Amino acid sequence: MKSTSITVPAGLAIAAMQALAPQAQGQEAPKRLNIIHIMTDDHSYQAISAYGHPLSRQAPTPNMDRLASEGIRFDKAYVENSLSTPSRACLMTGLYSHQNGQRTLGRGIDTTVTFVSELLQQAGYQTAMIGKWHMQCEPKGFDWYYVLRGQGEYYTPAFKSHLSEGKYIPEEGYATDRVTARAIEFLEQRDPDKPFCLYVHHKAPHRNWMPPTKYLDLYEDVTFPLPATFHDTWSDKGEAAHVQRMTIDKDMTMIYDLKIEELDVEPTGAPHPKRALLNGLNRMDSTARAAWEAAYGPRNKAFLESNLEGEELLEWKFQRYVRDYLRCIRSVDDSVGEILEYVDSHGLADNTIIVYTSDQGFYMGEHGWFDKRFMYEESFRTPLIIRYPGGRGGLVSNAFVQNLDFAPTYLDVAGVVKPEEMSGRSLLPVIKHNGKQPCKWRKYMYYHYYDLPSEHNVLKHDGVADKRFKLIHFYGGENGDYDEFYDLRKDPDEMHNCISERRYARRVRRLQKQLDKFRVELKVDEY
Ligand code: SGN
Ligand code: CA
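The structure displayed is predicted, hence computed values, not measured ones.

Caption draft 1: Representation of the side chain of E153 within the structure. Here E153 shows up in the loop between strand 5 (144-148) and strand 6 (158-161). A distance of 2.8 Å separates the side chain of E153 from the side chain of R149, its partner in a polar contact. In this structure the side chain of E153 is engaged in a polar contact, spanning 2.9 Å, whose partner is the backbone nitrogen of A158. Apart from the residues within four sequence positions on either side, E153 is in contact with A158, A175, K203 and R283.

Caption draft 2: Broad picture of the site of ligand 1. Close to ligand 1 lie 20 residues, the nearest being Y256, K274, D371, R373 and H456. R207 is positioned such that a nitrogen or oxygen atom in its side chain is 2.9 Å from an oxygen atom of ligand 1. A distance of 2.6 Å is found between an oxygen atom of ligand 1 and a side-chain nitrogen or oxygen belonging to D371. Contact with the protein chains covers 90% of the free accessible surface of ligand 1, which is 460 Å². Of the residues contributing to the shell around ligand 1, the split by class is 4 nonpolar, 6 polar and 10 charged. Residues from two domains meet in the shell around ligand 1; each of domain 1 (31-208 + 327-443) and domain 2 (236-322) gives at least three.

Caption draft 3: Highlighting the coordination of the calcium ion (ligand 2). Donor atoms from the polypeptide that coordinate the calcium ion (ligand 2) comprise D41 (OD), D42 (OD), D359 (OD), D359 (OD) and Q360 (OE1), at 2.2 to 2.8 Å from the metal. Each of the 6 donor atoms around the calcium ion (ligand 2) contributes to a set of angles spanning 51 to 171°, which defines the coordination as irregular. Counting gaps between the donor residues of the calcium ion (ligand 2) yields the pattern D-D-x316-D-Q. Highlighted residues: D42 in the loop between strand 1 (34-40) and helix 2 (54-57) and D359 in the loop between strand 9 (352-358) and helix 12 (377-380), separated in sequence by 317 residues. Classification of D359 by relative accessible area gives buried; the value is 0%.

Caption draft 4: Quick look at the packing of helix 7 (residues 175-189) against helix 11 (residues 310-345). For the pair helix 7 and helix 11, the least separation of the axes is 9 Å and the interaxial angle reads 10°. Taken together, the axis directions place helix 7 and helix 11 in an arrangement best described as roughly parallel. The two elements helix 7 and helix 11 meet at a crossing, and its hand is right-handed. Seen from helix 7, the contacting residues are T176, T180, I184, L187 and E188; seen from helix 11, they are S331, V332, S335, E338, I339 and Y342.

Caption draft 5: Representation of the environment of F159 within the structure. As for its placement among the helices and strands, F159 is situated in strand 6. Relative accessible area serves as the criterion here: at 2%, F159 is assigned to the buried category. In the structure, F159 is positioned 10 residues away from I169 in sequence and 5.3 Å away in space, judged by C-alpha atoms. If we skip the residues at most four places from it in the chain, F159 touches G131, Y146, V147, L148, K167, Y168, I169, E171, R178 and V179.

The rules we used
Residues numbered from 1 in each chain as written. Chains lettered and ligands numbered in written order. Predicted model: local features only at pLDDT ≥ 70, side-chain atom pairs only at ≥ 80, totals over all residues. Heavy atoms only, no water. Helix = DSSP H or I, 4+ residues; strand = E, 2+ residues; numbered from the N terminus. Polar contact = N/O pair within 3.5 Å; in protein donor to acceptor, adjacent residues only side chain to side chain. Contact = heavy atoms within 4.5 Å. Near = heavy atom within 4 Å. Areas by Shrake-Rupley, 256 points an atom, 1.4 Å probe, with all protein chains shown as cover. Nonpolar A, V, L, I, M, F, W, Y, C, P; charged D, E, K, R; others polar. Domains from an automatic or database assignment. Donors = N, O, S within 2.8 Å, 3.2 Å for Na, K, Ca; no water. Tetrahedral: all angles 85-135°; square planar, octahedral: opposite > 155°, others 65-115°. Buried < 20%, exposed > 50% of the residue type's maximum accessible area, 1.4 Å probe, protein only. Axes fitted to C-alpha atoms, helices over the stretch in contact; angles between N-to-C directions. Parallel < 35°, antiparallel > 145°, perpendicular 65-115°, else oblique. Left-handed = near helix turned anticlockwise from the far one by under 90°.

Quick look at the structure:
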């Protein structure tokens with residue numbers, strides 16, 4: 001597997017520091033901004049009310065909305081590979097998956113690559129990583145860290161820290177609350193004379209969407225609207241859409257995903273394969289467990305007695321899924337509120353950039369799905385809200401941005417020159433121009449998904465998008481490689497694959513040329 005190392009040009013950080021150190025001439029050093037990067041796991045933009053999606057209208061996120069009303073909401077923010085570990089590797093390296101080695105879940109990351117955290121540290125920043133790390137390498141470049149084990153646990157989550165000598169130590173409570181508490185603890189104990197960069201990476205709302213006890217009843221009376229594409233039969237789509245295993249209908253499990261504990265055996269009498277994953281319940285203390293039983297017990301009983309079938313059963317699954325997911329989101333929204341409150345009440349608002357995003361998007365029943373991975377909008381796109389000190393609030397940006405841009409942005413904030421290998425762009429020019437995309441900016445974006453074989457059986461694909469059109473190339477399937485083409489202006493739900501329509505032929509060719517160009521320039525080695 002090929003990978004590119006970011007060679008830290010000797011003295012780069014030091015040179016940047018010197019450029020920012022006019023004390024020599026008797027002036028006060030300009031204060032560099034602090035950075036807080038809050039990232040959730042699998043948070044769909046459909047579930048942030050500032051984005052205005054019908055789902056979130058009934059489950060508002062007041063603190064995220066506040067961040068948007070004081071900052072910029074990005075409507076065209078995307079990832080380069082819609083999966084956790086690759087997304088995190090991209091955040092840390094500013095490189096595409098094939099460049100940093102992390103193409104799939106599991107092993108991959110090339111640890112010889114210098115991480116942004118290391119560059120920030122060399123530039124005098126105090127660095128901290130809290131929550132989901134999800135890479136099979138030690139956190140590097142952090143003065144302070146508390147990271148979850150693998151995917152992390154919702155209840156009594158175990159953390160490995162800069163103090164724990166490699167051991168994971170369980171902490172009482174709920175993951176979102178523990179991550180928030182550790183983040184605040186970092187802010188409390190830091191050296192106030194130095195700038196900091198704090199990554200707050202929540203586990204929520206990752207599968208299997210276990211809410212905190214205080215929200216077990218939230219939304220129980222709300223009926224959430226089904227997305228328009230809920231009953232999609234993928235008639236216009238190729239093999240990948242037909243062989244995936246991420247439908248609410250057939251692939252969500254009663255026991256693990258939908259929390260019907262009573263259905264913990266297969267029709268054969270064998271224990272359900274996902275039974276073990278209910279270990280989540282065993283991590284609860286007795287009070288939490290009792291609250292859980294009190295909430296789900298009667299609901300499960302009513303469900304089992306109702307013998308739902310067909311469409312009714314499917315819609316019941318959707319409601320339970322979405323309610324649990326949004327309950328988890330509510331805990332994250334509280335966390336955002338707590339962090340904002342800390343920043344604002346400790347005189348940090350004027351010198352701290354706050355970024356809210358997810359490691360990728362997620363399906364809330366669109367096309368009948370949960371999970372992510374595909375280059376279709378719900379998973380390719382990711383929520384992004386940025387509050388910048390002194391910046392105007394309530395802005396909406398249509399700048400075409402990608403998670404490759406975080407690393408260059410944070411280096412720019414710190415006054416560190418971006419290593420040549422990073423193809424992303426600093427977002428500071430966008431932020432400083434009220435969200436406007438600068439004249440010289442990317443017109444096209446490259447995407448590549450590799451994780452097959454894997455649980456949800458999504459075929460490998462790469463593709464190119466501009467702000468209106470999208471060309472996706474699926475490869476490695478049973479029936480040979482094939483392409484799909486969408487016109488997002490006419491068809492925002494991507495229901496009509498126009499790859500063979502004559503009126504799109506010129507546009508398909510244009511995107512094909514761009515795709516070829518990306519593959520050559522980025523030295524992509526499979527497609
Ligand atoms: C787990 C989940 C999958 C999910 C991946 C990747 N299965 O394997 O549903 O797609 O994580 O998620 S589970 O049975 O363990 O819940 S990611 O966010 O880490 O990319
Ligand atoms: Ca994720």
